[in-house]
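Working through the structure, step by step
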Amino acid sequence: MRQPVHVVYGGANLFKSDTARKLGKMSERALAEYAPDAAALAQILDLRGDLAAVVYQRIVEKLGREPIEDYRIDFEDGYGLRPDAEEDATVDAAAAQLGKGLEEGTLPPFIGFRIKSLSLETRARALRTLDRFLSAVPKLPEEFVITLPKITNDEEVAELMDALDPYPEIGVELMVETPYSLMNLAHLVELAEGRCVGAHFGPYDYTSSLGITSHNQHLLHPACDFARSMMLVTLAGSGIALSDAPTNVMPPPVHRG
């Protein structure tokens, strides 16, 4: 079974049917500016000279054919807390764009969306967004998933499964962002009733929950190494795909112009 090598999270308010293609064009421009040939790429990435030409050709081909493999329409950290009317409008627009992308063949091969946490503070809004989105989409793409963030108890996973009961074809991803979700990951997968297809590590919320100060919250912190190792041990052989952490390193310049 194919597993994407990366997942792009993008704010739901920014999602369009051709978002993947637009990001591909941005990446092509960045490649042309910063690594216009195989020799420049080899110097940047410290590639062996005999590999550089092949790697460069494959990058160019990949960006032109399939720049984004997996995408999450994000209603959580990438979207934030907004008035209900505004989020409802975003839900409707994102659902329409998803349908348009499916019809026009412009969506990545894997796609889904992340709801807000099902904790007490955002539970009602998360379930409202979930129901409204799934009711509005005329047809769901294959491999569509719902990502559940910031899990702090069993009930949150069970409640998501209840909400998805009318949609047996939808997969579930669990985010590992709390000590509870890490130490109980196997049990949470069981609660997903065979529908868990992925587990994504969230290093910043995780390290924050351990009391690690923001200055030291980085992907190479030993606490993150421990968490990733635990996820590997827990889910080894299960067929569940793992994402080892996000990055906000992007090829475009920091300051436009």
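Below or above, wherever it landed, is the structure these notes cover. (Residues numbered from 1 in each chain as written. Predicted model: local features only at pLDDT ≥ 70, side-chain atom pairs only at ≥ 80, totals over all residues. Heavy atoms only, no water.)

Between two packed helices, both the angle of their axes relative to each other and the distance between the axes serve to describe the pair. The N-to-C vectors of helix H2 (residues 38–45) and helix H3 (residues 49–65) enclose an angle of 100 degrees; their axes lie 9 Å apart at closest approach. By the criterion of interaxial angle, the relationship of H2 to H3 is roughly perpendicular. Of H3, the residues touching H2 (which contributes Ala-38, Leu-41 and Ala-42) are Ala-52, Ala-53, Val-55, Tyr-56 and Ile-59. Taken together, the residues that form the contact of H2 with H3 break down as eight nonpolar, no polar and no charged. (Axes fitted to C-alpha atoms, helices over the stretch in contact; angles between N-to-C directions. Helix = DSSP H or I, 4+ residues; strand = E, 2+ residues; numbered from the N terminus. Parallel < 35°, antiparallel > 145°, perpendicular 65-115°, else oblique. Contact = heavy atoms within 4.5 Å. Nonpolar A, V, L, I, M, F, W, Y, C, P; charged D, E, K, R; others polar.)

Turning our attention to the pairing of strand S6 (residues 196–201). Within S6, five of the six residues are buried, which leaves it mostly tucked inside the rest of the structure. Direction of pairing for strand S5 (residues 171–176) relative to S6: parallel, over a ladder of five bridges. In the strand pairing of S6, Glu-173 is matched with Gly-198. For S6 and strand S7 (residues 241–243), the ladder comprises three bridges, and the chain directions are parallel. Within S7, the residue paired with Gly-198 across the bridge is Ala-241. (Buried < 20%, exposed > 50% of the residue type's maximum accessible area, 1.4 Å probe, protein only. Pairing = 2+ DSSP bridges.)

Right, let's get into the pairing of S5. Most of S5 is tucked away: six of the six residues are buried. Here S5 shows two buried faces, one formed by Gly-171, Glu-173 and Met-175 and the other by Val-172, Leu-174 and Val-176. Where strand S4 (residues 144–148) meets S5, four bridges bridge the pair, whose relative direction is parallel. Bridging across to S5, Ile-146 finds its partner in Val-172. Running through helix H6 (residues 154–163), the crossover from S4 to the neighbouring parallel element S5 is right-handed. (Right-handed = clockwise from strand over helix to strand, strands pointing away.)

So, about a nonpolar patch on the surface. Taken together, Tyr-34, Ile-44 and Leu-45 make up a surface patch of nonpolar side chains, about 310 Å² in accessible area. In this fold, Ile-44 is placed in helix H2. (Patch = residues over 30% accessible without salt bridge, like charges linked within 9 Å, V, L, I, M, F, W, Y side chains within 5 Å. Areas by Shrake-Rupley, 256 points an atom, 1.4 Å probe, with all protein chains shown as cover. Salt bridge = Lys/Arg side-chain N within 4 Å of Asp/Glu carboxyl O.)

What follows is about the environment of Ala-186. Mapped onto the elements of the fold, Ala-186 is located in helix H8 (residues 185–191). In sequence terms Ala-186 and Thr-234 are 48 residues apart; their C-alpha atoms lie 6.3 Å from each other.

Just geometry here; none of it tells us what the structure is for.
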